[in-house]
Amino acid sequence: PLDQVKEEISFLSQKYRGEKNLPLFVADLNFGIFKRDIEIARFIRETSLASEYPTCVDMYTDKGFSPRTRAVMEELNGLQSSGLIIALQSENEKTLKSIKRRNLGEKEIAETILWARARGIESGAQIIFGLPDETKKSFVDMLKRAWDRKFDDIYVENLLLFNGSVLNRAAERRGNGTVTRFRSLSSSYMDIDGCFAAETSEVVVASDSFSFDDYLALRRLSFMLFAISGPGFYKMFFRGLDGLGVDCFNFLDNFLSPTADHQWPQEYLNFLADLDRTFRSELYK
């Protein structure tokens, strides 16, 4: 009930008053899909102004970016931590057909980015690597399009397989030639009375359309994009390359693959070796 939702928000605002580094997470994968979500967003904003909590809101909005979603984002503008995220996932036609998905059209994406920019809201593209029929080339081409569209941030996610998901079915795994490994989920592990317990994700690292070497190459590239988009390291520098006619992705490809005919600084080579070693060592059978 709406009254209960408001009571819970009020309770949290009193309990965590003044906690500026503690975001409020809206546990809804399509916030803005219901009419009442606008009222909830307005109540969160009013509560924030009255009690100084929350000062930051984490949420996933409706993927269709409807007028309700826009209204929710306008209510929470200045509070939302991640801005507008467009879940592209893939733009490979074969992949979209395989996973039975339809994306926003080119015109809709352009209008959405302009809408966000006019309101001072950062825009981001969320893209998943490892989906059926996706190749290294088709994925990098998609990243380039996302960059050229002037998204503020590009988030690259590895495809994870969950119990109950269609791509995790035995027939789908066989049909796609899926190869997976397990990766610990952040720091979610500990020793409990002598028993080691760990929270893990099952990550797709190869399939009929891409190799494990492709996975490592894209893992390195996605790491660099995260560093540029997330913490914002040298973001203005890389955007400045556009004005010089330098392809950002060729720049990163060269940076991650130094040629053997030049004497490079040892610290730089150590950095790349550390990256490769880390990406390999985080995976378990």
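Residues numbered from 1 in each chain as written. Predicted model: local features only at pLDDT ≥ 70, side-chain atom pairs only at ≥ 80, totals over all residues. Heavy atoms only, no water.

Colleague: Where do I start with the packing of helix H2 (residues 36-51) against helix H3 (residues 67-75) in this structure?
Modeller: Helices that pack against each other are described as a pair by the angle of their axes relative to one another and the distance between those axes. For the pair H2 and H3, the least separation of the axes is 8 Å and the interaxial angle reads 5°. Classed by the angle they form, the pair H2 and H3 counts as roughly parallel. Contacts between H2 and H3 involve Asp 37, Ile 38, Ala 41, Arg 42 and Arg 45 from the former and Arg 68, Ala 71, Val 72 and Glu 75 from the latter. Of the residues that constitute the contact of H2 with H3, the class distribution is four nonpolar, no polar and five charged. (Axes fitted to C-alpha atoms, helices over the stretch in contact; angles between N-to-C directions. Helix = DSSP H or I, 4+ residues; strand = E, 2+ residues; numbered from the N terminus. Parallel < 35°, antiparallel > 145°, perpendicular 65-115°, else oblique. Contact = heavy atoms within 4.5 Å. Nonpolar A, V, L, I, M, F, W, Y, C, P; charged D, E, K, R; others polar.)

Colleague: Any chance you could explain the layout of surface pockets here in plain terms?
Modeller: Gaps left between atoms are located by rolling a probe of water-molecule size over the structure's atoms. Counted as a void, the largest pocket has a volume near 1,400 Å³. The wall of the largest pocket is formed by 49 residues, among which Ile 128, Glu 157, Asn 158, Leu 159 and Leu 160 lie closest to the centre. Looking at the lining of the largest pocket, the elements with two or more residues in it are strand E3 (84-89), strand E4 (123-129), strand E5 (153-158), strand E6 (179-192), strand E7 (195-206) and helix H8 (212-229). Of the residues contributing to the lining of the largest pocket, the split by class is 27 nonpolar, 15 polar and seven charged. (1 Å grid on protein atoms, 1.4 Å probe; cavity = no way out; pocket = protein on both sides within 12 Å on 5 of 7 lines; lining within 4 Å. Points joined across faces, edges and corners; volume = space filled by probe spheres on them.)

Colleague: Would you explain the environment of His 262 in this entry?
Modeller: Within the secondary structure, His 262 is located in the loop between helix H10 (248-256) and helix H11 (266-281). For the pair formed by His 262 and Ser 10, sequence separation is 252 residues and the distance between their alpha carbons is 62 Å.

Colleague: Would you mind showing me how to read the environment of Ser 10 here?
Modeller: Mapped onto the fold, Ser 10 is located in helix H1 (residues 2-15). Through-space distance from the C-alpha of Ser 10 to that of Phe 43 is 9.2 Å; in sequence the pair is 33 residues apart.

Colleague: Please explain the nonpolar core as it appears in this structure.
Modeller: The tendency in soluble globular proteins is for nonpolar side chains to be buried as a group. Of all hydrophobic cores here, the largest spans 65 residues; its most connected members are Leu 76, Ile 127 and Leu 143. Tallying contributions element by element places H8 first for this core, with seven residues. What Ile 127 contacts, discounting residues up to four positions off in sequence, is Leu 88, Gln 89, Phe 139, Met 142, Leu 143, Ala 146, Ile 154, Tyr 155, Val 156 and Glu 157. (Core = buried A, V, L, I, M, F, W, Y, C linked by side-chain atoms within 4.5 Å. Buried < 20%, exposed > 50% of the residue type's maximum accessible area, 1.4 Å probe, protein only.)

Colleague: I tried to follow the pairing of E5 on my own but got confused; where do I start?
Modeller: Within a regular beta strand, the side chains point alternately toward one face of the sheet and then the other, so they alternate between its two faces. Of the pairings in the sheet, the one linking E4 to E5 comprises six bridges and is parallel in character. Looking at the pairing, Phe 129 lines up with Asn 158 of E5. Since E4 and E5 lie parallel, the crossover through helix H6 (residues 136-148) that links them has a hand, and here it is right-handed. (Pairing = 2+ DSSP bridges. Right-handed = clockwise from strand over helix to strand, strands pointing away.)

Colleague: Sorry if this is basic, but what is going on with H8 here?
Modeller: Since one α-helical turn is 3.6 residues long, residues separated by three or four positions face the same way. Look at H8: 25 Å from first C-alpha to last across 18 residues, which is about the 26 Å you get at 1.5 Å a residue. Among the residues of H8, Tyr 215, Leu 216, Ala 217, Leu 218, Arg 219, Leu 221, Ser 222, Met 224, Leu 225, Ala 227, Ile 228 and Ser 229 are the ones counted as buried. (Expected span 1.5 Å × (residues − 1).)

Any functional reading would require information that these geometric values do not contain.
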